[in-house]
Amino acid sequence: MGILRARAYPTQLFFNLADHTYVECGSGGRAWGCWGGKTGGRMLREGEGSTRRADAIAGYKERGGITCYLVNGVCHQAANRVLFPAAITVAGARGYSLSSLAFGVYGRPRGPLGRCSAPFDQHPGVTGDLDECLQGPREDYQEPGDEEEAEGEQAPPDCEDDDYMAQVRALYQDRFQRALDDEADAYGFQMEHFALFVQHKERITQLSLQRAEREGLFAARSDFEQNRIDAERAFAATRDALAFVAAFDALTLQLQDDLAETLSEENYRYLLDLSPEERIVLADPDIVAVAYDLDLAGPAAT
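Computed from a prediction, not measured in an experiment: that's the story for all the values here. Every chain is numbered independently, its residues counted from 1 as its sequence is written. Predicted model: local features are reported for residues with pLDDT of at least 70 only, side-chain atom pairs are reported and counted for 80 or more only, and whole-chain, interface and lining totals are derived from all residues. Water and hydrogen atoms were dropped before computing side-chain values, which therefore reflect all heavy atoms in the structure.

Attention now goes to the side chain of Arg-81. Secondary structure elements follow DSSP: runs of H or I no shorter than four residues count as helices, runs of E no shorter than two count as strands, and numbering proceeds from the N terminus. With respect to the helices and strands, the residue Arg-81 is situated in helix H2 (residues 75-82). Lacking a salt bridge, the buried Arg-81 has Asp-121 as its closest oppositely charged neighbour, with an N-O distance of 9.2 Å. We call two residues in contact when some of their heavy atoms are within 4.5 Å. Discounting residues that sit within four places of it in the chain, Arg-81 has contacts with Ile-57, Gly-64, Gly-65, Ile-66, Tyr-106, Ala-118, Pro-119, Phe-120 and Phe-176. For every residue, the accessible area (1.4 Å probe, protein chains only) is compared with the maximum for its type, and the residue is labelled buried under 20%, exposed over 50%, or partly exposed between those bounds. Charge assignment: positive for Lys and Arg, negative for Asp and Glu; neither His nor the chain ends contribute. By definition, a salt bridge exists where a carboxyl oxygen of Asp or Glu is found within 4 Å of a side-chain nitrogen of Lys or Arg.

The subject of this paragraph is the pattern of salt bridges. Going through the model one piece at a time under the given rule, you end up with 22 salt bridges. The salt bridge partner of Lys-201 is Asp-273, with a shortest N-O separation of 3.0 Å. Residue Lys-201 is found in helix H6 (residues 183-204), and its partner Asp-273 is found in the loop between helix H9 (265-272) and helix H10 (285-291); the two are separated by 72 residues along the sequence. Owing to a relative accessible area of 5%, Lys-201 belongs among the buried residues under this scheme. The partner of Asp-230 in a salt bridge is Arg-233, with the nearest N and O atoms 3.8 Å apart. Here Arg-233 and Asp-230 lie together in helix H7 (residues 211-238), a separation of 3 residues that amounts to about one turn. Judged by its relative accessible area of 38%, Arg-233 is partly exposed. Residues joined in a network through salt bridges with shared partners are Arg-108, Arg-221, Glu-225, Arg-228 and Glu-232.

Counting residues in hydrophobic clusters, the biggest one holds 81 residues, and the most contacted among them are Trp-32, Leu-70, Leu-259, Leu-271 and Tyr-292. In contact with Leu-271, not counting residues within four places along its chain, are Ser-97, Leu-101, Phe-197, Lys-201, Leu-207, Leu-217, Leu-259 and Leu-263. For the purposes of this section, nonpolar cores are sets of buried Ala, Val, Leu, Ile, Met, Phe, Trp, Tyr and Cys residues that join through side-chain atoms within 4.5 Å.

So, about unusual backbone geometry. The backbone of Arg-239 shows a phi angle near 60°, a positive value even though the residue is not glycine. Position of Arg-239 among the secondary structure elements: in the loop between H7 and helix H8 (241-262). For Asp-293, which is not glycine, the phi dihedral falls at a positive 55°. For Asp-293, the position within the fold is in the segment after H10.

Now the structure itself:
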């Protein structure tokens, strides 16, 4: 059985961005970019799994079936799909809890109006390992270091919560499939996944929600989902990618503001693994430029 590694690196140009994540195999002979770069990252963790199956899940674009960036997910969800054969995730990457809250572990099924369908083909019949993953490393390969330790007490990663991951897998087998064809059920899928996410955080951290906090938390998450759908509908009508990305970033920041107002400081930290004063966005400008064929260095970006 081969080895799959989850890796992450910070986006250097902007201090308020989530980490980029990607996957490599144990030999270092193959890596999957998951919408972005695939070198230079620190190792988050590794696990045993078929590298041939991971490659099939990744697909020729190495995006794991995350069809539309910022609609179905970001690099975190693409990497988690590729890591599926090893039953690990990119938990520990900066911004991962926020992206899980927004997109789920393995991504959103679709956007509005039937666009951006993102089936999660797990290729259960594919086994074995790629030749590159059984041979020597590629030229740009860097030896893995120890898993990075977060400052202070660190909760176990989501992939070690067996109950949560079993529930997530069941959700992606059942409701996710229905949501691919039903916009209303796509909303329901996101809210059901969010409920599992909150239960997971309550199980592995000291998150303890008062009734008003819980009600405010779910209201904020529902508002975010409805507003995101509206932004995606506007994008489908106008095809203005810059406006869509700006709207998504604004909604992400507003969600964090709403949660900071709703939750105690301790509960905010437990839920998002961020301080209440921090604000981050999930849209990586370099990936946005590729995903939407934009020149972000030009006049439109100023």
